[in-house]
Amino acid sequence: MSIRRRHGTVSAVRRWLRGLLPGRDEPGSAAAGDPAARIDRHRLLLDALVGVPEPYRTALLNCEFEGMPREELAWRLGVPVDAVEARLRRGMALLAEQLGSR
């Protein structure tokens, strides 16, 4: 897979994840104002996250979902910030693969 295509896929996953937050649905989207659609999207996400191996899942959960700064996670794990950033990139790519296979 090319870097451009992978980046596009990761960007699509980030947009999809932002759509899970209350009040962030695209107007006219299936999830806009539909709690059942939002629940289905959450289930898909949780199922996909289970398929992402450690340490990538930890980086995703803490930084992308909980909003923890990368520097703080690096300090807590005792790894360089570059390692956390690499785990996030790889984790998003793996998450995109998991979501794409559903």
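Here goes a summary of the coordinates provided.

Here is what the cut-offs are and how they apply
Residues numbered from 1 in each chain as written. Predicted model: local features only at pLDDT ≥ 70, side-chain atom pairs only at ≥ 80, totals over all residues. Heavy atoms only, no water. Helix = DSSP H or I, 4+ residues; strand = E, 2+ residues; numbered from the N terminus. Buried < 20%, exposed > 50% of the residue type's maximum accessible area, 1.4 Å probe, protein only. Contact = heavy atoms within 4.5 Å. Areas by Shrake-Rupley, 256 points an atom, 1.4 Å probe, with all protein chains shown as cover. Core = buried A, V, L, I, M, F, W, Y, C linked by side-chain atoms within 4.5 Å. Axes fitted to C-alpha atoms, helices over the stretch in contact; angles between N-to-C directions. Parallel < 35°, antiparallel > 145°, perpendicular 65-115°, else oblique. Nonpolar A, V, L, I, M, F, W, Y, C, P; charged D, E, K, R; others polar. Arc of directions from axis to C-beta.

This next bit is on the overall build of the chain. Within the chain, the secondary structure is distributed over five helices and zero strands. Going residue by residue from the N terminus, the α and β elements of the chain occur as α-α-α-α-α. Across the 102 residues in the chain, those meeting the buried criterion constitute 28%. For the chain, the share of sequence-separated contacts (at least 6 apart) that also reach a separation of at least 24 residues comes to 50%. When the accessible area of the chain is evaluated, it comes to approximately 6,600 Å², of which 54% is carbon and sulfur surface.

Moving on, we come to the nonpolar core. In terms of nonpolar packing, the biggest core is built from 18 residues, with Val13, Leu60, Leu73, Val84, Leu88 and Leu95 touching the most fellow members. Among the secondary structure elements, those contributing two or more residues to this core are α2 (35–50), α3 (56–65), α4 (70–77) and α5 (81–100). For this core, the leading source of residues is α5, giving seven residues. Once residues lying within four places of it in the same chain are set aside, the contact partners of Leu60 are Leu49, Val52, Phe65, Leu88, Gly91, Met92 and Leu95.

In this section: the packing of α3 against α5. What describes two packed helices is the angle between their axes and the distance between those same axes. Interhelical geometry of α3 versus α5 gives an angle of 100° and a closest axis separation of 8 Å. As far as their axial angle goes, α5 and α3 are roughly perpendicular. Contacts between α3 and α5 pair Tyr56, Ala59, Leu60, Cys63 and Glu64 from the former with Val84, Arg87, Leu88, Arg90, Gly91, Met92, Leu94 and Leu95 from the latter. Across the contact of α3 with α5, the residue classes tally to nine nonpolar, one polar and three charged.

Our next topic: α3. Those residues of α3 not exposed but buried are Ala59, Leu60 and Cys63. Looking straight down α3, one finds its buried side chains confined to an arc of 100°; they lie on one side. Buried residues along α3 sit against α2, α4 and α5. Looking at the residues trailing α3, positive phi occurs at Gly67, about 80°.

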